[in-house]
Structure formats: C-alpha cells, structure tokens
Amino acid sequence: KYRREIDGLRALAVIPVILFHAGFEIFSGGYVGVDVFFVISGYLIANIIMAEMSAGRFSIVQFYERRARRILPALLLVVTVCIPVAYTFLLPSELKEFGQSLVATMTFSSNILFWSQTGYFEGAAELKPLLHTWSLAVEEQFYLFFPLLLWALRRRRRRTVVIALAALALASLALAEYGWRHNPDRAFFFSGTRFWEIFAGALCAFAPVPWGGRWRGAIGLVGLALILGAVAGFDAAVPTPSLYTLIPVAGAALILLAGGAGSPVGRLLSLPGLT
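Bear in mind that the values here come from a model prediction, so they are computed numbers and not experimental data. (Residues numbered from 1 in each chain as written. Predicted model: local features only at pLDDT ≥ 70, side-chain atom pairs only at ≥ 80, totals over all residues. Heavy atoms only, no water.)

This brings us to the pattern of salt bridges. Under the definition given, this model contains 10 salt bridges. When the shortest N-O distance is used, the salt bridge between R10 and D7 registers 2.5 Å. Of this pair, R10 and D7 both sit in helix α1 (residues 4-21), three residues apart, which is roughly one turn of that helix. Note that R194 is salt-bridged to E197, the shortest N-O span being 3.2 Å. One exposure class covers both R194 and E197, and it is buried. Beyond isolated ion pairs, a larger network of salt bridges with shared partners links D35, R194 and E197. (Salt bridge = Lys/Arg side-chain N within 4 Å of Asp/Glu carboxyl O. Helix = DSSP H or I, 4+ residues; strand = E, 2+ residues; numbered from the N terminus. Buried < 20%, exposed > 50% of the residue type's maximum accessible area, 1.4 Å probe, protein only.)

Here's what the structure looks like:
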C-alpha cells in the first residue's frame with residue numbers, strides 16, 4: 001500500500017545529507033539521513049516480502065530481478081557521468097583509486113573498499129566521486145540474506161519471527177557500539193554494524209501500532225523531532241553508528257508506525273514540495 005508520507009520522509013532524509021556535504025553548519029548532523037534511509041528500506045522490503053509470501057507468490061529470483069531493475073539503471077547513469085569528470089580532474093593516483101571504486105561499486109562492495117582507504121568525514125573523502133555508494137552496498141549485502149531469512153521463518157509464528165529479527169538487530173547494534181570504540185572508520189562502513197538500522201525498519205513492518213487517535217499524532221511528531229534534533233545537534237564528533245544513532249533511527253521508526261496520512265506528521269510529509 002502506497003504511503004505518500006514515506007516519500008516525504010525520504011526527502012527529509014536526503015536534503016540534510018546534501019546540505020551536510022555542502023558545508024552548511026546548521027546541518028552538521030545531516031549525515032543521519034542515511035540512517036533514516038536504512039530504516040525506510042527495511043520497512044518497505046519487509047512489507048513487500050511479507051505480502052508476497054502471504055499471497056503465495058514470493059520468488060527469490062523475481063525479488064533480485066526487481067532489485068536489479070530498480071537499482072542498476074540509475075547506478076549506471078551515475079557511473080557514466082562520473083567517469084569523464086574523474087578523468088579530467090583527478091590526479092593519476094586518485095584516478096587509480098577511482099578505478100578501484102568503479103569495480104567495487106558495480107559489485108556492491110564499495111563499503112569494504114572505502115573503509116580501507118579513508119574515513120567518511122576526512123577531507124580526502126571529498127575526492128571520491130563514488131563514496132556515497134557505500135550505503136547502497138550495505139543495503140544490497142543485507143538483501144543477499146534477508147529474503148532467505150524470512151523464507152526460512154515463513155512457517156514460524158509471527159512472535160518467533162519478531163524475536164529472531166530483534167535478536168539480530170541487537171547483536172548488530174552491540175557490534176556497532178564495540179566497533180566505533182576500537183576502529184571507527186571500519187565500523188562506519190561495515191555492513192554488520194549497520195544492519196540493525198535496516199532490521200529496525202523491518203520490525204516496524206511486523207509491529208502492530210499500539211496507539212491511536214491523539215496519541216498516534218503525538219508519537220509521529222516526536223519521531224520528527226528526533227530526526228530534526230539529530231540533524232541539527234550531531235556533528236562529525238558524534239560516534240556513528242552507535243547508541244547515539246538510536247535517536248534518528250527511533251525517529252524514523254516512530255514516523256513509520258504512527259505517521260499515517262491522517263496524522264499531523266503524515267500531512268506535513270505529504271506536502272507537494274516533499275513528495
């Protein structure tokens with residue numbers, strides 16, 4: 001079922017990321033938009049898979065075929081535009097690294113490459129045109145096993161599925177908290193320290209909304225406040241992913257759970273400029 005406000009939530013995620021990279025200090029935490037995207041992605045994919053399994057028409061092959069049709073055209077366009085620009089402006093050593101990133105991007109392993117080269121917040125990162133593809137790599141690595149996991153659990157009770165997903169999410173979060181303390185660059189790019197954010201969105205797809213009416217509207221606004229607070233209050237010194245990242249992740253989850261089209265935050269995120 002199409003939810004217009006989720007498109008608005010996507011815009012709320014991408015705009016701060018762009019302004020963060022443009023150097024606007026008020027958006028010092030704009031990078032948390034990536035975390036919001038992970039939550040949205042987990043929610044939508046879990047809903048799609050659950051609906052198809054319930055209808056008895058889920059296919060792993062068709063799932064990956066749809067992912068390819070959705071991702072590859074835009075990805076190929078980005079790569080095609082970047083090649084001549086990189087060839088024109090990058091130094092030979094930088095161009096060599098760009099070639100490596102091309103291969104890594106097309107094999108959805110760029111996050112692994114970038115953690116070995118530089119940190120996301122370092123100045124040298126600005127000379128990597130395909131740096132942003134690290135998050136796409138994390139998502140696609142998640143999708144290698146997540147449909148298989150749900151397929152394996154398809155005959156289990158809903159409660160069992162939720163417990164399994166929650167346990168995996170907590171393990172990933174614990175790894176993230178450990179990771180930023182010992183190797184923050186690797187933890188930033190490593191898929192295992194990011195999966196909990198996608199699992200958070202998937203859990204929203206299984207969770208019944210425990211509130212209604214006035215409370216539902218208030219909860220959605222709290223979610224929006226959490227995201228905006230992280231965008232304005234975080235900066236490069238805040239460890240990420242970590243327990244701090246729970247703030248924007250929880251904000252996105254609350255909007256997904258309580259921000260229906262009839263709620264105040266749902267109406268706000270459904271405005272034409274955001275969708």
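Now for helix α5 (residues 110-117). Among the residues making up α5, those that are buried are S110, N111, L113 and F114. All buried residues of α5 lie within an arc of 160 degrees about the axis, which places them on one face of the element. (Arc of directions from axis to C-beta.)

Judged by side-chain polarity, L77, V81, V85 and F89 come together as a nonpolar surface patch covering roughly 420 Å² of accessible area. Summarising the element assignment, L77 is placed in helix α3 (residues 60-89). (Patch = residues over 30% accessible without salt bridge, like charges linked within 9 Å, V, L, I, M, F, W, Y side chains within 5 Å. Areas by Shrake-Rupley, 256 points an atom, 1.4 Å probe, with all protein chains shown as cover.)

A cis amide bond links T240 to the next residue, P241, at an omega of -5 degrees. You can see P241 is positioned in the loop between α10 (213-233) and α11 (246-258). One non-glycine residue, F108, lies in the positive phi region at around 55 degrees. When you line up the elements, F108 lands in the loop between α4 (92-106) and α5.

What follows covers the side chain of E197. Examined against the element boundaries, E197 turns out to sit in helix α9 (residues 195-206). Judged by its relative accessible area of 0%, E197 falls in the buried class. Discounting chain neighbours no more than four positions away, the residues touching E197 are D35, F38, V39, P241, T245 and V249. (Contact = heavy atoms within 4.5 Å.)

With the rule as written, the count across this model stands at 19 aromatic pairs. The interplanar angle of 75 degrees and the centroid separation of 5.3 Å between the aromatic rings of F63 and Y64 together place this pair among those described as edge-to-face. Given the relative accessible area of 29%, Y64 is considered partly exposed. By way of ring pairs, the aromatic residues F58, F63, Y64, F142, Y143, F145, F146, W151, F195 and F199 are connected into one cluster. The side chain of R186 reaches across the aromatic face of F190, ending 5.8 Å from its centre. (Phe/Tyr/Trp six-rings, centres within 6.5 Å; stacked < 30°, edge-to-face > 60°. Lys NZ or Arg CZ within 6 Å of the ring centre and 35° of its normal.)

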